[in-house]
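Structural characterization, general
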Amino acid sequence: MRWEPGFGRLWSAYAVSTYGTWIAFGTFPLIAVRVLHSSAFAVSLLEAAGLAVAAVAAFPLGPWVEHRAKRPVMIAMDLVRFAAMASVPVAYALGVLSYGQLLAVSVVSGTAGIAFAAASGAYLKHLVRGDRLLVANGRLEGTSWVATAAGPPLGGALVGLLGPVVTVLADAFSYLLSALAVLGIRGGDIATPPDRATGPHRAGLLGGWRLILHDRVLRGLFLNSILVSGLIMATVPLLSVLLLGRYHFPPWQYGLAFGVPALGGLAGARLSGRLVARYGRRRVMAVSGWLRSLFPLGLALVRPGVPGLLTVIVVEGLLITCMGVFNPIYATERLQRTPADRTAQVLSTWSAVSRLLQAALVALWGVLATVTGPLTAITVSGVLLLATPLLLPGGTPASTPEPAAAPAEDTRAA
């Protein structure tokens, strides 16, 4: 398939930064523990606070991104992430690295990542037209899952050879390479003029919310996606405690339990477009959405030893395969139902709320696990997930490609 000019470079930018992120996965907690000798509470705070503060800071970024050309925004956000991540090895070399700096870098890079995702999503909609958008989202989804499978083992080897600080530097350079790839894109760009009636600040902060809540399909997708991702992410640290602590899985088995299933995401992403062509977008989204909510309950059956390892691999493999099918369809539906002059606002609002909810549910499930035990808390999450498919859209024809109607004040041309 011949892609539109520029998509290859956008895809390359996404791939190199995604691989960099997953290669450096877990390095900040490792630096906090081994270099700064931080407590377990401080490490947890580093993860949760960075996620939450970045999400709050990202809310006003939606209008800022919307009213600017998208490629310069992507380049700027990559350079911000490069500078933030590169400051860690520089400070370490100078002997001034602190916990506060790690927290600040986590917030800055997380905020810049939300802004980059909003700009790149809006630009992807401008760059790739029609039904090819589903295939393009499938390519990006597949790349993400391959990086998820290959990145942590590669990062672990790099940490073992050169240490976590050098691994952070490798992540920093991945953003620099991403910026160079975006810089090489040729063609037009998009930017939406500020709303003169309501003002850019008020229109920006409320525009994304108004559009999501006004459109029934977007509203259902929004609630479904943030609840599913939040409930799944809430169990990740508990599963780590269960497998590594109570069941004493060796680290290589733990890595295998999460690395192998990620390949199912690649398979699901490659199948997504074919399944839609045969059965229709809405039907495939509904079936994969229901299955995605069903399989996590299987983690309640995890036990020590090889049977437990196989249970995790099978359950996670089925879950991630369904996610690989579902996510490109859901991302395409979201982009096609969002007017071009509101895409960045919707995407930034979506990401910020999702991250806030994830942080809250991770904390809440930590308390629940303390009271009931990790396995019980994981089971509760699985039971609650069973209800989330009820939020998926079911009434709009699957073949509808046009964006949904927005409120009158939100329907200006880009």
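Before reading on, note that the structure itself is shown above.
For the structure given in this document, a descriptive report is provided here. (Residues numbered from 1 in each chain as written. Predicted model: local features only at pLDDT ≥ 70, side-chain atom pairs only at ≥ 80, totals over all residues. Heavy atoms only, no water.)

1. Regarding the overall build of the protein chain
To be explicit about the condition: Starting at the N terminus, helices and strands are each numbered in turn, a helix being any DSSP run of H or I of at least four residues and a strand any DSSP run of E of at least two. Per-residue accessibility takes into account occlusion by the displayed protein chains alone, with areas from the Shrake-Rupley method and a 1.4 Å probe.
Tallying secondary structure elements over the protein chain gives 16 helices and 0 strands in all. Just so you have it, the protein chain exposes about 17,600 Å², and 71% of that area is on carbon and sulfur atoms.

2. Some points on a nonpolar patch on the surface
Heads up, the rule is: Each patch groups residues whose relative accessible area exceeds 30% and which form no salt bridge, using 9 Å between like charges and 5 Å between nonpolar side chains of Val, Leu, Ile, Met, Phe, Trp and Tyr. Take a side-chain nitrogen of Lys or Arg and a carboxyl oxygen of Asp or Glu: if they are within 4 Å of each other, that pair is a salt bridge.
The grouping of Val-287, Leu-291, Leu-294, Val-383 and Leu-386 at the surface amounts to a nonpolar patch, some 370 Å² of accessible area in total. It is helix α13 (residues 281-294) that provides the largest number of residues to the nonpolar patch, a total of 3 residues. Here Leu-386 lies in the segment after α16 (374-385).

3. Observations concerning the packing of helix α12 (residues 262-279) against α13
Threshold: Orientation is described by axes fitted as lines to C-alpha atoms, over the contacting stretch for helices, and by angles from 0 to 180 degrees between their N-to-C directions. Should an angle fall under 35 degrees it is called roughly parallel, over 145 degrees roughly antiparallel, and 65 to 115 degrees roughly perpendicular, with every other angle called oblique. The contact criterion used is simple: two residues touch if any of their non-hydrogen atoms lie within 4.5 Å. Note that Gly is not counted as nonpolar here; it falls among the polar residues with everything else outside the nonpolar set of Ala, Val, Leu, Ile, Met, Phe, Trp, Tyr, Cys and Pro and the charged set of Asp, Glu, Lys and Arg.
Interhelical geometry of α12 versus α13 gives an angle of 125° and a closest axis separation of 7 Å. Compared by their axis directions, α12 and α13 come out oblique. Facing Leu-275, Val-276 and Tyr-279 of α12, the residues of α13 in contact are Arg-281, Arg-283 and Val-284. A per-class count over the contact of α12 with α13 returns 4 nonpolar, no polar and 2 charged.

4. Notes on helix α2 (residues 27-34)
Worth spelling out the cut-off: Remark: exposure states derive from per-residue accessible area (1.4 Å probe, protein chains only) relative to the maximum for the residue type, with buried under 20%, exposed over 50%, and partly exposed in between. To obtain the arc, one takes the directions from the helix axis to the C-beta atoms.
If you check which residues of α2 are buried, you get Thr-27, Phe-28, Ile-31 and Ala-32. All buried residues of α2 project into a common sector of 140° when viewed along the axis, lining one side.

5. Thoughts on helix α8 (residues 164-183)
Let me state the cut-off plainly: The span expected for a helix works out to 1.5 Å for each residue beyond the first.
Taking 1.5 Å per residue, 20 residues should reach 28 Å; α8 reaches 29 Å between its end C-alpha atoms and fits that length. Listing the buried residues of α8 in full gives Pro-164, Val-165, Thr-167, Val-168, Asp-171, Ala-172, Ser-174, Tyr-175, Ser-178, Ala-179, Ala-181 and Val-182. In this structure, the buried side of α8 is in contact with α1 (7-23), α2, α5 (70-94), α6 (99-127) and α7 (132-162).

6. Things to note about the packing of aromatic side chains
What counts here: Here a Phe, Tyr or Trp ring, Trp counted by its six-membered ring, pairs with any other such ring whose centre lies within 6.5 Å, and the pair is stacked when the planes are under 30 degrees apart, edge-to-face when over 60, and tilted otherwise.
Applying the stated rule across the entire model yields 5 aromatic pairs. Ring centres 5.7 Å apart and planes at 35° place the aromatic pair Phe-7 and Trp-11 in the tilted group. Of the two residues, Phe-7 and Trp-11 are both situated in helix α1; the distance of 4 residues between them amounts to about one turn of the helix. Overall, the relative accessible area of 1% leaves Phe-7 in the buried class.

7. A look at the nonpolar core
Note the threshold: Side-chain atoms within 4.5 Å link the members of a nonpolar core, which is a set of buried Ala, Val, Leu, Ile, Met, Phe, Trp, Tyr and Cys residues.
Core analysis: the biggest nonpolar cluster contains 30 residues, and Leu-243, Tyr-247 and Trp-365 have the highest contact counts within it. Contributing elements (two or more residues each) for this core: α7, α10 (216-246), α14 (305-337), α15 (343-372) and α16. In terms of residue count, α10 provides more of this core than any other element does, 8 residues in total. Each residue touching Tyr-247, except ones within four places of it in the same chain, is listed here: Leu-242, Val-302, Arg-303, Pro-304 and Leu-375.

8. Here we look at the pattern of salt bridges
Evaluated as defined, the whole model comprises 5 salt bridges. Where Arg-337 meets Asp-215, a salt bridge forms, and the shortest distance between an N and an O atom there is 3.2 Å. One end of the pair, Arg-337, is in helix α14; the other, Asp-215, is in the loop between α9 (200-214) and α10, with 122 residues separating them in the sequence. Ionic pairing is found between Arg-281 and Glu-333, a salt bridge with its closest N-O pair at 2.9 Å. Placement of the pair is Arg-281 in helix α13 and Glu-333 in helix α14, with a sequence separation of 52 residues. The two residues Arg-281 and Glu-333 agree in class, both being buried. Salt bridges sharing common partners tie together Asp-215, Arg-281, Arg-282, Glu-333 and Arg-337.

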